[in-house]
Amino acid sequence: MPSTINLYDLSLDALTELLSGWGQPRFRAKQVWAWLYEKPVASFEAMTDLPGTLRERLTAEASLGVLTVSAERTSKDGTVKRLYELPDGQLIESVMMPYDDHRRTACISTQAGCAMGCTFCATGQMGFARHLTAAEIVEQAVHFAQILHAEGDRLSNIVLMGMGEPFHNYDASIEAVRRLMADLGIGARHITISTVGLVPQIRQFADEGLQVKLAISLHAATDDERGAMLPVNRRYPLADLMDACRYYIEKTGRRVTFEWALIAGKNDTPEQANMLGEMLTGMLAHVNLIPLNPTGGYDGRPSDPEAAKRFIALLEGYGVSATVRVRRGIDIDAGCGQLKSAVIRQQRAKTITIDDIP
Ligand code: SAH
Ligand code: SF4
């Protein structure tokens, strides 16, 4: 097959140049661009205001991205999870969560696998394969935008909380965020980057001048506990991490969200809540509590709702706000890295079909 041009690799200028080279008037590039980002569609055939000859040439010589859907599941709560195969055979996941208040949030990956090795995380348990390019990151959001557009709806929010550590792939992640804003029209305040706590990159991000939200995966309030769960803590201990967070808040005036996966009897105790409260008191911060999603390689259990309530009440005593995030898509392995793990388990057992995915 002759190599095709991925239109999601091109800037508007590059697209204009390509189509001019094909003898098309200049306004055609703007038309195609609108189909790529403003009213995204999944095929060139659907670009109804283009001449038939151009649609045929685009179909023959260009592509709308490089991701191939390798599995897809839809949850009872409307969450859609996709496993994509990349051209080199790597697998990555993206999730779209519809909310009652009309938000449509895409959770996208920044790496195939992850090098950070957090013990409770399905992606961490897989290890690192490679960084994604900015185009591969953007394309995941584009596909959900296409699906929603076809339903007369639109993608409103994006979180970089899928597989991988965005700040380990800093340049591509930031370029992707800029493109999601400029090309796909997602407001900066509707984009969240979540990091395990890479201190130099948190400081660099504070200096970018972006209005994008920042979430930090904290999960424990002492270096011993955090280091046992998140190996990165041995490189960047809590004191350095908190200094970087304070620098971010000072520089941007924006609040930081701290992610905390509640694990029964481990980090949902009054001691941990009190230490966290002390650490965050007076800081422009919010704590997002997520009951642990059980994974094959980790034997912790999610906390019960009573423990979560007690945890929140203790934090309130320090003036620290906290909410429990509802777990979405729990019936379809929608947690980070979980669908890929499930598919790999199935593949080891036998050849899978989509119905085999739990
Ligand atoms: N690498 C980044 C972003 C991807 S992980 C980070 O770590 O922040 C997105 C979020 O899911 C993180 O807060 C991570 O700690 C959390 N997470 C990973 N595995 C989880 C699990 N099994 N249960 C609950 N949360 C989990
Ligand atoms: Fe990587 Fe985030 Fe999973 Fe840790 S929690 S292994 S940083 S994806």
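Calculation rules
- Residues numbered from 1 in each chain as written.
- Chains lettered and ligands numbered in written order.
- Predicted model: local features only at pLDDT ≥ 70, side-chain atom pairs only at ≥ 80, totals over all residues.
- Heavy atoms only, no water.
- Helix = DSSP H or I, 4+ residues; strand = E, 2+ residues; numbered from the N terminus.
- Rg over C-alpha atoms; globule rule 2.2 N^0.38 Å.
- Contact = heavy atoms within 4.5 Å.
- Pairing = 2+ DSSP bridges.
- Axes fitted to C-alpha atoms, helices over the stretch in contact; angles between N-to-C directions.
- Buried < 20%, exposed > 50% of the residue type's maximum accessible area, 1.4 Å probe, protein only.
- Near = heavy atom within 4 Å.
- Polar contact = N/O pair within 3.5 Å; in protein donor to acceptor, adjacent residues only side chain to side chain.
- Nonpolar A, V, L, I, M, F, W, Y, C, P; charged D, E, K, R; others polar.
- Domains from an automatic or database assignment.
- Phe/Tyr/Trp six-rings, centres within 6.5 Å; stacked < 30°, edge-to-face > 60°.
- Lys NZ or Arg CZ within 6 Å of the ring centre and 35° of its normal.

### So, the overall build of the protein chain
Regarding its fold elements, the protein chain presents 13 helices and 14 strands. Relative to the globule expectation of 21 Å for 358 residues, the C-alpha radius of gyration of the protein chain, 21 Å, shows essentially globular dimensions. For the protein chain, the spread of C-alpha atoms along the three principal axes comes to 70 × 50 × 35 Å. Long-range pairs, those at least 24 residues apart, make up 65% of the contacts in the protein chain with a sequence separation of at least 6.

### A look at the sheet that holds strand β13 (residues 285–291)
Read from one edge to the other, the open sheet built from 10 strands follows the order β3-β4-β5-β6-β9-β10-β11-β12-β13-β14, with strand pairing classed as mixed. If you trace the sheet from one side to the other, it starts and ends with β3 (68–74) and β14 (321–324), each paired once. When the angles between neighbouring strand axes are averaged without regard to direction, this sheet yields 20°. The sheet contacts of helix α10 (residues 238–252) involve β11 (213–217) and β12 (256–262), and relative to β12 the element is tilted by about 140°. Relative to the sheet, helix α12 (residues 305–316) contacts β12, β13 and β14, its axis offset from that of β14 by approximately 165°.

### Structural notes on unusual backbone geometry
We note that H102 has phi near 80°; this positive angle belongs to a residue other than glycine. By the secondary structure assignment, H102 is in the loop between β5 (91–98) and β6 (104–107). Since its relative accessible area comes to 61%, H102 is described here as exposed. Unlike most non-glycine residues, H219 shows phi in positive territory, near 70°. Mapped onto the elements, H219 comes out in the loop between β11 and α8 (223–229). Under the relative-accessibility criterion, H219 is labelled buried at 6%.

### Re the site of ligand 1
Taken together, 18 residues lie around ligand 1, and G164, S194, S217, H219 and N293 are the ones closest in. Contact distances for ligand 1 include 3.0 Å between a nitrogen atom and a backbone N or O atom of F120. Interatomic distance of 3.1 Å between a side-chain N/O atom of E165 and a nitrogen atom of ligand 1. At the level of secondary structure, the elements contributing two or more residues to the shell around ligand 1 comprise β10 (191–195) and β12. Class assignment of the residues belonging to the shell around ligand 1 gives a composition of 8 nonpolar, 8 polar and 2 charged. Each of domain 2 (66–187) and domain 3 (196–325) contributes no fewer than three residues to the shell around ligand 1.

### Quick word on the environment of L148
With respect to the helices and strands, L148 occurs in helix α5 (residues 134–150). Measuring from C-alpha to C-alpha, the distance between L148 and K39 comes to 9.6 Å, with 109 residues separating the pair along the chain. Contact partners of L148, with chain neighbours within four places excluded, come to M96, R104, D153, R154 and L155.

### Topic: the site of ligand 2
Taken together, the neighbourhood of ligand 2 is formed by C114, M116, G117, C118, C121, G124, G164, E165 and V196. For the shell around ligand 2, the residue count by class is 5 nonpolar, 3 polar and 1 charged.

### As for the packing of aromatic side chains
Taken as a whole and assessed by the stated rule, the structure comprises 7 aromatic pairs. Seen from their ring centres, F120 and Y298 are 6.3 Å apart, and the 70° between their planes marks the pair as edge-to-face. With a gap of 178 residues between them, F120 in the loop between β7 (111–113) and α4 (122–126) and Y298 in the loop between β13 and α12 connect regions that are remote in the sequence. Judged by relative accessible area, which is 11%, F120 ranks as buried. The exposure class of Y298 is buried, given its relative accessible area of 15%. Both rings, one in F167 and one in Y170, keep their centres 5.4 Å apart while their planes meet at 50°; by these two values the pair is tilted. The pair F167 / Y170 is uniform in exposure class, with both members buried. The structure contains a cluster of three or more aromatic residues connected by ring pairs, namely F167, Y170, F205 and Y248. Here K39 stacks its cationic end above the ring of W35, 4.1 Å away from the centre of that ring. Between the NZ or CZ atom of R103 and the centre of the ring of Y99, over which it lies, the distance is 4.4 Å.

Any functional reading would require information beyond the geometric quantities listed.
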